[in-house]
Amino acid sequence: MKKAVIIAVFLLFCITLPAQAAENESAAESPRDYTWLIGFDGGLGMPMEFYDLEAVGMDGHLSFDFAYPVRENLAVGFYFTFGVGFLSRVHPYSPYDQFFTPFKINAGLMMEIGDLENKPFLLGFAPCAGLGFIDMDLVLPVEIRFGRFFYGNWYLMGSVTYGISLAKETAYFEPAIIVGYNFGHKKRK
């Protein structure tokens, strides 16, 4: 199980590195039209429960991202995420108790950092501002998002979520890949 977690986190970093390498090519491209972030995104995650169920699965994410420029190189806002999927026990003891449905709703702080007109970095943090359910156990998700714009208004983010169980009956970890599009707000001339 530990190897799967290490591999998943390693893959997240490997996928977001090409977006950073594209910065050298940015001189040939024109700047973005939008400095605001008003984006919708979707992604895939790999939830893992390793305390009680010992289960692994897949889930999908849909979210809304918003950030308003407060300085020349900083935009601050929020994001909302909804995620649902499935978990399957690694060592099932009964065919009737093998599959589970994780569910989460999350909200957090979203920031654009760097040149807002030329591929800024994205950083998001949700400190238990939501709720989730894993096998009827209530969890409070702590999420960190990191990424960057990679082509025009398209952006790529990696996400790592850890679910804090209120009953101390479960431990939930989920790395995810998220791709979004910024519809933005054009600057007035």
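Shown above is the structure to which this text applies.
Before going into details, it helps to say that this report is about the structure given with it. Here the structure is a predicted model, which is why all the values come from computation and not from measurement. (Residues numbered from 1 in each chain as written. Predicted model: local features only at pLDDT ≥ 70, side-chain atom pairs only at ≥ 80, totals over all residues. Heavy atoms only, no water.)

**A closer look at the environment of F121**
As for its position among the elements, F121 is in strand β7 (residues 121-127). Put simply, F121 and L156 are 35 residues apart on the chain and 9.8 Å apart in space, counted from C-alpha to C-alpha. (Helix = DSSP H or I, 4+ residues; strand = E, 2+ residues; numbered from the N terminus.)

**Some thoughts on the pattern of salt bridges**
It is possible for side chains bearing opposite charge to pair when their charged atoms get close. The tally for this structure, following the rule as stated, stands at four salt bridges. Note that R145 is salt-bridged to D65, the shortest N-O span being 3.2 Å. Of the two residues, R145 is situated in strand β9 (residues 137-151) and D65 in strand β3 (residues 55-71); the sequence distance between them amounts to 80 residues. By the burial criterion, R145 is buried, and D65 matches it. Among the ionic pairs, K104 bridges to E143, the shortest N-O distance being 3.8 Å. Residue K104 is located in strand β6 (residues 103-113), and its partner E143 is located in strand β9; the two are separated by 39 residues in the primary sequence. With respect to class, K104 is no different from E143; both count as buried. (Salt bridge = Lys/Arg side-chain N within 4 Å of Asp/Glu carboxyl O. Buried < 20%, exposed > 50% of the residue type's maximum accessible area, 1.4 Å probe, protein only.)

**So, unusual backbone geometry**
At K119, a position not held by glycine, the phi torsion is positive, near 50 degrees. Positionally, K119 belongs in the loop between β6 and β7. Under the relative-accessibility criterion, K119 is labelled buried at 6%. The backbone of K168 shows a phi angle near 55 degrees, a positive value even though the residue is not glycine. Inspection of the secondary structure assignment puts K168 in the loop between β10 (154-165) and β11 (171-182).

**Observations regarding the packing of aromatic side chains**
Throughout the structure, instances matching the rule amount to 11 aromatic pairs. An angle of 70 degrees between the planes, with centres 5.5 Å apart, marks the rings of F82 and F103 as edge-to-face. Of this pair, F82 sits in strand β4 (residues 74-89) while F103 sits in strand β6, and the two are 21 residues apart along the sequence. Under the relative-accessibility criterion, F82 is labelled partly exposed at 35%. Through pairs of rings, three or more aromatic residues link up here, namely W36, F40, F64, F66, Y68, F78, F80, W154, Y181 and F183. Taking NZ or CZ as reference, R145 lies 4.2 Å from the ring centre of Y79, over its face. Note that R148 overlies the ring of F121, its terminal NZ or CZ placed 4.1 Å from the centroid. (Phe/Tyr/Trp six-rings, centres within 6.5 Å; stacked < 30°, edge-to-face > 60°. Lys NZ or Arg CZ within 6 Å of the ring centre and 35° of its normal.)

**As for the environment of F150**
Checked against the element boundaries, F150 lands in strand β9. Sequence separation between F150 and K119 is 31 residues; the distance between their C-alpha atoms is 6.4 Å.

**Quick notes on the environment of E112**
As for its placement among the helices and strands, E112 is situated in strand β6. Between the alpha carbons of E112 and G77 there is a distance of 8.7 Å; along the sequence they are 35 residues apart.

**Quick word on the side chain of R148**
When you line up the elements, R148 lands in strand β9. In this structure the side chain of R148 is engaged in a polar contact, spanning 2.8 Å, whose partner is the backbone oxygen of K119. (Polar contact = N/O pair within 3.5 Å; in protein donor to acceptor, adjacent residues only side chain to side chain.)

**Some details on the pairing of β6**
Across a regular strand the side chains alternate sides, sitting on one face of the sheet and then on the other. Examined bridge by bridge, β4 and β6 share 11 bridges and lie antiparallel to one another. Among the inter-strand pairings, G83 is bridged to a residue of β6, identified as K104. Relative to strand β8 (residues 130-134), β6 runs antiparallel, the two being bridged by four bridges. Looking at β8, one finds that N106 is bridged to G130. As judged from the five bridges shared by β6 and β7, these two strands associate in the antiparallel manner. (Pairing = 2+ DSSP bridges.)

**Focus: a nonpolar patch on the surface**
Together, I113, F121, L123, F125 and I144 line one region of the surface with nonpolar side chains, adding up to about 390 Å² of accessible area. The greatest single-element share of the nonpolar patch, amounting to three residues, is contributed by β7. Within the secondary structure, L123 sits in strand β7. The exposure class assigned to L123 is partly exposed, which follows from its relative accessible area of 34%. (Patch = residues over 30% accessible without salt bridge, like charges linked within 9 Å, V, L, I, M, F, W, Y side chains within 5 Å. Areas by Shrake-Rupley, 256 points an atom, 1.4 Å probe, with all protein chains shown as cover.)

On their own, these measurements won't tell you what the molecule is for.
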